[in-house]
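These are the residues of each chain, in order.
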Amino acid sequence: MKVRVGVNGYGTIGKRVAYAVSKQDDMELIGVTKTKPDFESYRAKELGIPVYAAGEEFLPRFEKAGFEVAGTLNDLLEKVDVIVDATPGGMGAKNKALYEKAGVKAIFQGGEKASTAEVSFVAQANYEKALGKDYVRVVSCNTTGLTRTLSVLQEYIDYVYAVMIRRAADPNDSKRGPVNAITPSVTVPSHHGPDVQTVIPINIETMAFIVPTTLMHVHSVMIELKKPVTREDVIDIFENTTRVLLFEKDKGFESTAQLIEFARDLHREWNNLYEIAVWKESISVKGNRLFYIQAVHQESDVVPENVDAIRAMFEMADKWESIRKTNKSLGILK
Ligand SMILES: NC(=O)C1=CN([C@@H]2O[C@H](COP(=O)(O)OP(=O)(O)OC[C@H]3O[C@@H](n4cnc5c(N)ncnc54)[C@H](OP(=O)(O)O)[C@@H]3O)[C@@H](O)[C@H]2O)C=CC1
Ligand SMILES: O=C(OP(=O)(O)O)[C@H](O)COP(=O)(O)O
């Protein structure tokens, strides 16, 4: 039996999750929601994906444009086993009552508070915690990136300090900024450190800035060690960590621009770089401190996590079986 999946919110994350679900042999994409008949709605239809209005209040927009929808969100909820909520941050918590009423399981994204779901999720760190659960939150792109690399270093970590340099807007977004400024998050810690702690129990403080770029986020990670580790050990650990790739400046990876070009060269859909990119040269051990720099493709790193979360919620596979299956279907390198 295939799990029937709906996606509420066919935007940056939603369209990628819908695509990823459609690549799984144990899942069926039943439909997606939109609030308006824009080019994304027409493209979904061309791809054969049923488009539902995100609520009755949006129906007149579709009617006016002569765009035939398959129904409304409530109709979609009647046909699915699980809904992936990829609506703008904070909206998922409001939608939860609809999902409860319809009796469908739901996955929320990192824009929601941890309390919206029963568990905050990063597959390689805590897959088992989501087994059989009804409500799971895939943490934000930055939190996913931090958790992927920190979870495999846990035995060495006394305290983590990380600085997050965040992209200002996604490439398809012409409304956000800044265009010519650097915006600090003056609340310390930024939400990322406490968010990592919803997945793994480590000491961590984070600070964050927004800078004028659309391509990726970059993290500067500094770790106080509680037991010795060498640079070679860390390289070895990351080389053996799924969804983490090492890149070398010496091979031309000077910035996020070349990382995205690498994803383009792989002919990845939407130039997705699902893997967290760690600069190999940046991995340094000085006394009892470990340093490294990593980059996160904000539009795509959480996509495989959504797929694995579905398998965990329906107890369809164990952790490594699911991760391997998802990786293979999306061409994730390791
Ligand atoms: N973008 C990113 O880098 C990342 C985002 N996230 C999280 O993922 C979630 C989604 O973000 P993102 O994909 O960027 O958002 P987008 O704005 O790209 O997409 C949001 C989607 O929700 C739909 N929507 C808007 N209003 C409503 C409504 N009233 N009811 C139902 N659906 C609505 C939009 O439909 P329409 O277009 O038709 O109006 C759109 O399809 C957020 O929680 C965010 O924090 C997590 C990781 C990375
Ligand atoms: O939700 C996200 O983008 P946003 O800036 O559009 O809210 C990304 O996950 C990055 O957010 P974060 O820096 O809160 O992890």
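Residues numbered from 1 in each chain as written. Chains lettered and ligands numbered in written order. Predicted model: local features only at pLDDT ≥ 70, side-chain atom pairs only at ≥ 80, totals over all residues. Heavy atoms only, no water.

Quick notes on the overall build of the protein chain
Looking only at helices and strands, one finds 12 helices and 15 strands in the protein chain. Evaluated residue by residue, the protein chain yields a buried proportion of 54% over its 334 residues. As displayed, the protein chain has an accessible area near 14700 Å², and 51% of this comes from carbon and sulfur atoms. For the protein chain, the centre of its 42 positive side-chain charges and the centre of its 45 negative side-chain charges are spaced 2 Å apart. (Helix = DSSP H or I, 4+ residues; strand = E, 2+ residues; numbered from the N terminus. Buried < 20%, exposed > 50% of the residue type's maximum accessible area, 1.4 Å probe, protein only. Areas by Shrake-Rupley, 256 points an atom, 1.4 Å probe, with all protein chains shown as cover. Lys, Arg positive; Asp, Glu negative; His and termini not counted. Charge placed at Lys NZ, Arg CZ, Asp CG, Glu CD.)

Focus on the packing of helix 1 (residues 12-22) against helix 11 (residues 303-313)
Taken N-terminus to C-terminus, the directions of helix 1 and helix 11 make an angle of 55°; their axes are 9 Å apart at the nearest point. Taken as axis vectors, helix 1 and helix 11 run oblique relative to one another. For the pair helix 1 and helix 11, the sense of crossing is right-handed. Counting all contacts with helix 1, which are made through Arg16, Val17, Ala20 and Val21, the residues of helix 11 involved are Val303, Asn306, Val307 and Ile310. (Axes fitted to C-alpha atoms, helices over the stretch in contact; angles between N-to-C directions. Parallel < 35°, antiparallel > 145°, perpendicular 65-115°, else oblique. Left-handed = near helix turned anticlockwise from the far one by under 90°. Contact = heavy atoms within 4.5 Å.)

Let's talk about the side chain of Glu299
Relative to the elements of secondary structure, Glu299 occurs in the loop between strand 15 (289-296) and helix 11. Under the relative-accessibility criterion, Glu299 is labelled buried at 7%. Separated by 3.2 Å, the side chains of Glu299 and Arg16 make a polar contact. (Polar contact = N/O pair within 3.5 Å; in protein donor to acceptor, adjacent residues only side chain to side chain.)

A closer look at the pattern of salt bridges
Under the definition given, this model contains 22 salt bridges. A salt bridge links Arg167 to Asp170; the nearest nitrogen and oxygen atoms lie 2.7 Å apart. Take Arg167 and Asp170: they sit in the same class, and that class is buried. One salt bridge connects Arg268 with Glu275, and the closest N-O pair in it is separated by 2.8 Å. Classification of Glu275 as buried rests on a relative accessible area of 1%. (Salt bridge = Lys/Arg side-chain N within 4 Å of Asp/Glu carboxyl O.)

Things to note about the site of ligand 1
Taken together, 21 residues form the shell around ligand 1, and within it Ile13, Lys34, Thr35, Lys36 and Asp170 come nearest. Here Thr12 contributes a side-chain N or O atom positioned 2.9 Å from an oxygen atom of ligand 1. When residues of the shell around ligand 1 are assigned to domains, at least three fall in each of domain 1 (3-139 + 302-330) and domain 2 (141-296). (Near = heavy atom within 4 Å. Domains from an automatic or database assignment.)

Here we look at the packing of helix 11 against helix 12 (residues 319-330)
Contact geometry for helix 11 and helix 12: axes closest at 10 Å, N-to-C directions at 135°. Judged by the angle between their axes, helix 11 and helix 12 are oblique. As for how helix 11 packs across helix 12, the hand of that crossing is right-handed. Between helix 11 and helix 12, the contacting residues are Val303, Pro304, Val307, Asp308 and Arg311 on the first element and Ser322, Ile323, Lys325, Thr326 and Leu330 on the second. Residues of the contact of helix 11 with helix 12, tallied by class, amount to five nonpolar, two polar and three charged. (Nonpolar A, V, L, I, M, F, W, Y, C, P; charged D, E, K, R; others polar.)

Regarding the site of ligand 2
Close to ligand 2 lie Ser140, Cys141, Asn142, Arg166, Arg167, Arg176, His191, His192 and His217. Between Cys141 and ligand 2, the recorded distance is 3.3 Å, taken from a backbone N or O atom to an oxygen atom. Between Asn142 and ligand 2, the recorded distance is 2.7 Å, taken from a side-chain N or O atom to an oxygen atom. Alone, ligand 2 offers 370 Å² of accessible surface; in the complex the protein occludes 72% of this. Listed by contribution, the elements that provide at least two residues to the shell around ligand 2 are helix 7 (141-151) and strand 8 (157-167).

Things to note about the domain arrangement of the protein chain
It is common to give the size of an interface as the accessible area lost on bringing the parts into contact. The domain boundaries assigned to the protein chain delineate domain 1 (3-139 + 302-330) and domain 2 (141-296). Averaged C-alpha coordinates put domain 1 and domain 2 at centres separated by 26 Å. Both faces combined, the contact of domain 1 with domain 2 buries some 1900 Å², and carbon together with sulfur accounts for 53% of it. Along the contact surface separating domain 1 from domain 2 lie four salt bridges. (Buried area = accessible area lost by both parts, 1.4 Å probe.)

Points about the UniProt feature "domain: Glyceraldehyde 3-phosphate dehydrogenase NAD(P) binding" (unreviewed entry) in the protein chain
Under the UniProt annotation, the feature "domain: Glyceraldehyde 3-phosphate dehydrogenase NAD(P) binding" (unreviewed entry) is placed at residues 3-141. Along residues 3-141 the backbone is 36% helical and 23% strand, and the end-to-end C-alpha distance reaches 25 Å. (UniProt positions renumbered as here; feature names shortened; annotations may be inferred.)

Things to note about the environment of Lys101
Assignment of secondary structure puts Lys101 in helix 5 (residues 91-102). Judged by its relative accessible area of 78%, Lys101 is exposed. Along the backbone, Lys101 and Leu77 are 24 residues apart, and their C-alpha atoms lie at a distance of 9.6 Å.

Describing the UniProt feature "active site" (unreviewed entry) in the protein chain
Feature annotation in UniProt assigns "active site" (unreviewed entry) to the following positions: Cys141. Relative to the elements of secondary structure, Cys141 occurs in helix 7. Judged by its relative accessible area of 15%, Cys141 is buried.

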